[in-house]
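Spelled out from the first residue to the last, the chains are:
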Amino acid sequence: MIIQQEDDGKKGAFYIEQNNERAAEMAYVWAGSEKFIIDHTDVSDVLRGQGVGRHLLDAVVQFARERQLKIMPLCPFAKSVFDKDPSIRDVLA
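Throughout what follows, the structure given in this document is the object of discussion. (Residues numbered from 1 in each chain as written. Predicted model: local features only at pLDDT ≥ 70, side-chain atom pairs only at ≥ 80, totals over all residues. Heavy atoms only, no water.)

## What about the overall build of the protein chain?
Working step 1: For the protein chain, the helix and strand inventory stands at 2 helices and 5 strands.
Working step 2: The order of α-helices and β-strands along the protein chain, N terminus first, is β-β-β-β-α-β-α.
Working step 3: Taken over the C-alpha trace, the protein chain has a radius of gyration of 12 Å; the compact-globule value for 93 residues is 12 Å, and the two agree within 12%.
Working step 4: The dimensions of the protein chain, computed from C-alpha atoms along their principal axes, are 35 × 30 × 20 Å.
Working step 5: For the protein chain, the residues scored as buried account for 38% of the 93 residues in total. (Helix = DSSP H or I, 4+ residues; strand = E, 2+ residues; numbered from the N terminus. Rg over C-alpha atoms; globule rule 2.2 N^0.38 Å. Buried < 20%, exposed > 50% of the residue type's maximum accessible area, 1.4 Å probe, protein only.)

Written as structure tokens, this is what we have:
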């Protein structure tokens, strides 16, 4: 599974494509230059139950750590993972 990223300076997403279609996505919007808001996660039925959402979140957390950014998880999925896993809370805003 290859996780890709797009970012236009205002919003972006980490995503996985299958058959030239977006099969999973974790979208975010910038809230200033030092933090961003994860506002939604979507995983296709084909990929559900395979931990794809967590893989996307791990990529987002790595991105935040590398750039010393903070994350506000408004997406219910992302928020639930942050609530359950203290090892990634260093990037919480």
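## Thoughts on the packing of aromatic side chains
Working step 1: Applying the stated rule across the entire model yields 8 aromatic pairs.
Working step 2: Taking the centre distance of 6.4 Å and the plane angle of 35 degrees together, the rings of Tyr28 and Phe63 count as tilted. Taken as a pair, Tyr28 in strand β3 (residues 21-30) and Phe63 in helix α1 (residues 52-67) lie far apart in primary sequence, 35 residues in all. Like Phe63, Tyr28 is buried.
Working step 3: Over the aromatic face of Tyr15 sits the side chain of Arg22, whose NZ or CZ is 3.7 Å from the ring centroid. (Phe/Tyr/Trp six-rings, centres within 6.5 Å; stacked < 30°, edge-to-face > 60°. Lys NZ or Arg CZ within 6 Å of the ring centre and 35° of its normal.)

## Structural notes on helix α2 (residues 76-84)
Working step 1: What α2 keeps buried is the set Ala78, Val81 and Phe82. For α2, the angular spread of buried residues about the axis comes to 100 degrees, placing them on one side. Among the exposed residues of α2, those pointing more than 90 degrees away from its buried face are Pro76 and Lys84.
Working step 2: Turning to α2, the residues buried within the fold contact β4 (35-43), α1 and β5 (70-73). (Arc of directions from axis to C-beta. Contact = heavy atoms within 4.5 Å.)

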